[in-house]
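Tertiary structure, described
Residue strings, one per chain:
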2 protein chains.
Amino acid sequence: MKQYAAMSREELLEERENLTSLYKGFEEAGLSLNMARGKPSPSQLSLATDMLKVLDGDEIKSVSGDDVRNYGIVDGIKEAKVLMAEMMECDPENIIVCGNASLNIMYDMIARSYAFGVMGSTPWCRLEKVKFLCPVPGYDRHFLVTQDFGIEMINIPMTPDGPDMDMVEQYVNNDPAVKGIWCVPKYSNPQGVVYSDETVKRFAALKPAAEDFRIFWDNAYCVHHLYEEPEKQRKIPDILKECAAAGKPDMVYEFGSTSKVTFAGAGISAVATSAANIAEIKKHLTVQTIGFDKVNQLRHVKFLKDRAGIDEHMMKHAALLRPKFEMVEKELNEEIVSRGIGTFLHVDGGYFICFNSLKGCAKDIVARCKAAGVTLTGAGAPFPYGKDPDDSVIRIAPSYPEINELKKALDVFVVCVKLSSIEKLLETK
Amino acid sequence: MKQYAAMSREELLEERENLTSLYKGFEEAGLSLNMARGKPSPSQLSLATDMLKVLDGDEIKSVSGDDVRNYGIVDGIKEAKVLMAEMMECDPENIIVCGNASLNIMYDMIARSYAFGVMGSTPWCRLEKVKFLCPVPGYDRHFLVTQDFGIEMINIPMTPDGPDMDMVEQYVNNDPAVKGIWCVPKYSNPQGVVYSDETVKRFAALKPAAEDFRIFWDNAYCVHHLYEEPEKQRKIPDILKECAAAGKPDMVYEFGSTSKVTFAGAGISAVATSAANIAEIKKHLTVQTIGFDKVNQLRHVKFLKDRAGIDEHMMKHAALLRPKFEMVEKELNEEIVSRGIGTFLHVDGGYFICFNSLKGCAKDIVARCKAAGVTLTGAGAPFPYGKDPDDSVIRIAPSYPEINELKKALDVFVVCVKLSSIEKLLETK
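Here's a quick rundown of the structure.

Conventions and cut-offs
- Residues numbered from 1 in each chain as written.
- Chains lettered and ligands numbered in written order.
- Predicted model: local features only at pLDDT ≥ 70, side-chain atom pairs only at ≥ 80, totals over all residues.
- Heavy atoms only, no water.
- Helix = DSSP H or I, 4+ residues; strand = E, 2+ residues; numbered from the N terminus.
- Buried < 20%, exposed > 50% of the residue type's maximum accessible area, 1.4 Å probe, protein only.
- Contact = heavy atoms within 4.5 Å.
- Areas by Shrake-Rupley, 256 points an atom, 1.4 Å probe, with all protein chains shown as cover.
- Lys, Arg positive; Asp, Glu negative; His and termini not counted.
- Charge placed at Lys NZ, Arg CZ, Asp CG, Glu CD.
- Pairing = 2+ DSSP bridges.
- Right-handed = clockwise from strand over helix to strand, strands pointing away.
- Axes fitted to C-alpha atoms, helices over the stretch in contact; angles between N-to-C directions.
- Salt bridge = Lys/Arg side-chain N within 4 Å of Asp/Glu carboxyl O.
- Least-squares fit on C-alpha atoms with pLDDT ≥ 70 in both.
- Phe/Tyr/Trp six-rings, centres within 6.5 Å; stacked < 30°, edge-to-face > 60°.
- Core = buried A, V, L, I, M, F, W, Y, C linked by side-chain atoms within 4.5 Å.
- Disulfide = S-S within 2.5 Å.
- Buried area = accessible area lost by both parts, 1.4 Å probe.
- Polar contact = N/O pair within 3.5 Å; in protein donor to acceptor, adjacent residues only side chain to side chain.

Things to note about the overall build of chain A
What chain A contains, in helices and strands, is 13 helices and 13 strands. Projected onto its principal axes, the C-alpha positions of chain A cover 75 × 55 × 35 Å. In chain A, which comprises 429 residues, the share counted as buried stands at 62%. Partitioning the intrachain contacts of chain A with sequence separation of at least 6 by distance along the chain shows that 76% fall at a separation of at least 24. Element-wise, carbon and sulfur atoms account for 50% of the exposed surface of chain A, whose accessible area totals about 15,400 Å². Across chain A, the centroid of the 51 positively charged side chains sits 2 Å from that of the 61 negatively charged ones.

A closer look at the pairing of strand β4 (residues 152-159) of chain A
Residues and elements named next belong to chain A. The pairing of strand β3 (residues 131-136) with β4 spans 6 bridges and is classified as parallel. Residue pairing in the sheet places C134 in a bridge with N155 of β4. Taking the sense of rotation as the criterion, the β-α-β connection linking β3, helix α5 (residues 140-148) and β4 turns out right-handed. The antiparallel pairing of β4 with strand β5 (residues 162-163) creates a hairpin that spans 2 residues between the two strands.

Re the sheet that holds strand β2 (residues 95-97) of chain B
Sheet strands line up and pair through hydrogen bonds in the backbone, either parallel or antiparallel. Residue and element names in this part refer to chain B. One open sheet holds the 8 strands; their spatial order is β2-β9-β8-β7-β6-β3-β4-β5, and the pairing between them is mixed. Each end of this open sheet is capped by a strand with a single partner; those strands are β2 and β5 (162-163). With 3 bridges joining them, strand β3 (residues 131-136) and strand β6 (residues 178-183) adopt parallel strand pairing. Looking at β6, one finds that F132 is bridged to G180. Helix α4 (residues 102-116) contacts β3, β6, β7 (214-218), β8 (252-257) and β9 (269-272) of the sheet and is inclined by roughly 155° relative to β8.

Side note on the pattern of salt bridges
Counting across every chain of the model gives 52 salt bridges over all chains. As a salt-bridge pair, D67 of chain A and R69 of chain A come within 2.8 Å of each other at their nearest N and O atoms. For the pair D67 of chain A and R69 of chain A, a shared accessibility class is recorded, and that class is buried. Here D175 of chain B and K131 of chain B are joined by a salt bridge, their closest N and O atoms 2.7 Å apart. Placement of D175 of chain B in the loop between α6 (165-172) and β6 and of K131 of chain B in strand β3 is noted, with a sequence separation of 44 residues between them. Neither D175 of chain B nor K131 of chain B differs from the other in exposure class; each is buried. Here the salt bridges share partners, and the residues they tie into one network are D166, E169, E198 and R202 of chain A.

With respect to unusual backbone geometry
Here the bond from V136 of chain A into P137 of chain A is cis, since omega is -5°, no more than 30 degrees from zero. With respect to the helices, strands and loops of the structure, P137 of chain A is situated in the loop between β3 and α5. Positive phi, close to 45°, is recorded for D391 of chain A, a residue that is not glycine. Examined against the element boundaries, D391 of chain A turns out to sit in the loop between β12 (374-375) and β13 (393-396). Judged by relative accessible area, which is 17%, D391 of chain A ranks as buried. With a phi close to 60°, E89 of chain B is a non-glycine residue in the positive phi region. Inspection of the secondary structure assignment puts E89 of chain B in the loop between α3 (78-88) and β2.

Side note on the relation of the copies chain A and chain B
Both copies of the chain are tied together by a single rotation about an axis and a shift running along it. When chain A is fitted onto chain B, the two copies agree to an RMSD of 0.0 Å after a turn of 180° and an axial shift of 0.0 Å. Accordingly, the operation relating the two chain copies is best matched by a two-fold axis. Ranked by how close their C-alpha atoms come to the rotation axis, the residues of chain A are headed by K53 of chain A, at 3.1 Å. Looking at the interface residues of chain A, 100% of them are also at the interface in chain B, so both copies use one shared face.

A short note on the packing of aromatic side chains
Using the criterion set out here, one finds 30 aromatic pairs over all chains in the structure. The interplanar angle of 80° and the centroid separation of 5.3 Å between the aromatic rings of F355 of chain A and F413 of chain A together place this pair among those described as edge-to-face. Pair noted here: F355 of chain A is in strand β11 (residues 353-357) and F413 of chain A is in helix α13 (residues 403-426), with a separation of 58 residues, a long-range link. Per residue, the accessibility class of F355 of chain A equals that of F413 of chain A, and both read buried. Consider the rings of F216 of chain B and Y253 of chain B, whose centres lie 5.2 Å apart with planes at 85°: the pair is edge-to-face. Placement of F216 of chain B in strand β7 and of Y253 of chain B in strand β8 is noted, with a sequence separation of 37 residues between them.

What to know about the nonpolar core
Grouped together as the largest cluster of nonpolar side chains are 221 residues, with contacts concentrated most on F203 and F413 of chain A together with F203, I215 and F413 of chain B. What F203 of chain B contacts, discounting residues up to four positions off in sequence, is P163, M165, V168, I181, C183, Y195, I215, W217, I239 and M251 of chain B. If you look at the next biggest cluster of nonpolar residues, it comprises 84 residues, including V118, Y139 and F255 of chain A together with I290 of chain B.

Looking at the sheet that holds strand β11 (residues 353-357) of chain B
Residue and element names in this part refer to chain B. Across the sheet, 3 strands lie side by side as β10-β11-β13; this open sheet has antiparallel pairing. With partners counted over all chains shown, the strands left at the sheet margins are β10 (342-344) and β13 (393-396), one partner each. Taken over all neighbouring pairs, the strand axes of this sheet differ in orientation by 25° on average, direction set aside. Across 3 bridges, β10 lies against β11 in antiparallel orientation. Paired with T343 across the strands is N356, a residue of β11. Where helix α11 (residues 307-335) meets the sheet, its contacts fall on β10, β11 and β13, and the angle it forms with β11 comes to roughly 15°. Against the sheet, helix α12 (residues 362-371) contacts β11 and β13, and its axis sits at roughly 45° relative to β13.

Things to note about the state of the cysteines
This model, assessed by the stated rule, comprises 0 disulfides over all chains. This cysteine, C369 of chain A, is not joined by any disulfide, and C416 of chain A carries the nearest cysteine sulfur, 3.8 Å off. Cysteine C134 of chain B remains unbridged, with the sulfur of C183 of chain B as its closest cysteine sulfur at 9.9 Å. Residue classification places C134 of chain B among the buried positions, given a relative accessible area of 0%.

Here's the deal with the interface of chain A and chain B
On the chain B side, the residues contacting the 55 residues of chain A number 55 residues. With both sides pooled, the region where chain A packs onto chain B buries about 4,600 Å², and carbon together with sulfur makes up 53% of that total. The largest contributions to the chain A side of the interface with chain B come from L52, R69 and Y71 of chain A, which together make up 17% of the buried area. The interface formed by chain A and chain B includes 23 residue pairs in polar contact (both at pLDDT 80 or more). Elements that contribute at least two residues to the side of chain A that touches chain B include exactly α2 (42-46), α4 (102-116), α5, α9 (275-288) and α10 (294-304) of chain A. Ranked by the residues each element gives to the side of chain A that touches chain B, the list is headed by α4 of chain A, at 8 residues.

What follows is the structure in structure tokens.
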């Protein structure tokens, strides 16, 4: 396949003419397609339909004997702790099971640090400056939380092994204003990067200048593999154990949820952390609520049962998601990468494929898609303050549309990438 | 019945001797009874068993067409707004439906005001002093929230018509540090007081010195009547409408939940307030969460259906609760009030009976009960900082125990009140 950069001006103009007529066809077709939403498809949600019927009203007690329908048990029922610990690969005593959204836990962790400080440290609201490190591209909703609290966000480039750890160490170990870092360690949002063992160990070996520095370890996709083959089911070291072994047991909060296991809007979530952090969290949590929804916690335990049950269930998701991801990767490879006008990392799990266009093209591609009826996540969204310095990152979410719709959307996307790339290349030909 | 205060020292000593032998009997019986918890009984919770089965997996769409299992709709599905509006007697457009606990909404409202201010006002964390008015006796969890944020709490005495409004007006209209007041306007916790129409209207007519003053109107017991007779089902004016009519539409946040309608740990909750406040709340709420549990919202709508369904369901609760409340009131009247050693207000709804002992006896009574195996809410709990200035208020929660257990607990309580009162009276005889 001929690289666009190697084409003459005339060849590019001819290619543009062909593509423009294709694009007009899309416009005339009046499409309404969406690759923006990192949401499970209805078919995926229906995999958990039986969970709605698993409680029949007679089994309403936790193993502790407590009635799950009533008030109390602020940190979650025991069997839900066990289930979430198995999923997040840590110990049940390190777990607090919460409500339907791990994002809400993360927000609350920041909000509590802001109002009350962390284990006796100065509340962040009393400090001149609080900074967070933000590996980029990353999850827009993480960045919105820190932005809401006026926390200064610092971009940390991602590598195929995780965040640039030289830079992380430089900031964390020297700047006492750096209070945290957002991490999605497995199948990262949006690149699908799995942190290497060395990256995880370097995190645990951090020597923060700030006593109240915490790693916000959002293990959102811990069991979200796309492949059945064990060697493709990527593993990472347990950050809690690594931090404890490094003598910093309190340095990390890990988050997880069943949002993309059972129901995206009605799952259960958990934070896993040291005993001391758990005690600190519970001090304020018992003021904030009498308890989370334990009926839904029990519903999850009865339905998923244990780690084996989760793994089995996740393979049903994988069977629905894999063809979509493979189709996107194939088409991107054949149409875009082959022409030297874009790149992406192959992913083994998670919910996204992160496309890198030529510099300065991302916003234009998203706008062209939009005009042809295909909605993408806004360019810039995976960066703090919505600012992509290279204007080149586009997050593709293949999960929600049916595969034929996804194919149509991708056809439009490919044409838009090509058109945008040609315009960019023509600037210098 | 002879009043204790009218007895001679000898008579009191003889009475004490008789009571002491009764008390020893209780001690030897090894009781383990509890009148502390404002929790529904298992029988009450079982009234909602069918709610667990009401979703069969095929009906998973909101009237809006949105899949309730998926992400989104941060302010709640439309039909849940309608249901909660019918329950709280306001308009659906004034409603945000949230998670399983209205306490959590109240906490978040304070937390947001603390971090971000209220509609552009100075964040409370940047102020020297923030004060809240606390009608007493009141709900201990309200006071714990304000205490957690270092807010100074000021006691406002309750009257049979609601808080002492002269005092409320004095504080609110003159002190710009007074940012809020906690109210439980119907069947108040713990006295069961129903605010009079005049009280509600005087609330709406407040002219706060602080632009960010808000009434925290916890309408926790809005449909929690103990009697079927319409004239005993107490009504209060709609505070939202009253405030709007008074030109202060933004002055009130109203809270409600189904915690004591369906499941105490797995209900749904809502905040009702002005359009401007709703917009302000959603600004941060969309950062905090992608949405609350809409499956549970739909479950509630399918089960309760509408206001008529709620009313019918609440009468089933009333049938279970009424005999307990009436038994407590009868025994207190016959054994305690008749002897002039305690008072209480008759209640038509809610979850508590508030007992007033002779001054200086409450802690002692609670301790005596405890030693005989009967747990009561800690004396002082219904007051800010746990300090009852008169040491006379004891909150009795008749809902949870079965009636024969409740009777036993009350027998102990009565003897303890008598013994404690005699000791107090003997001090001056």
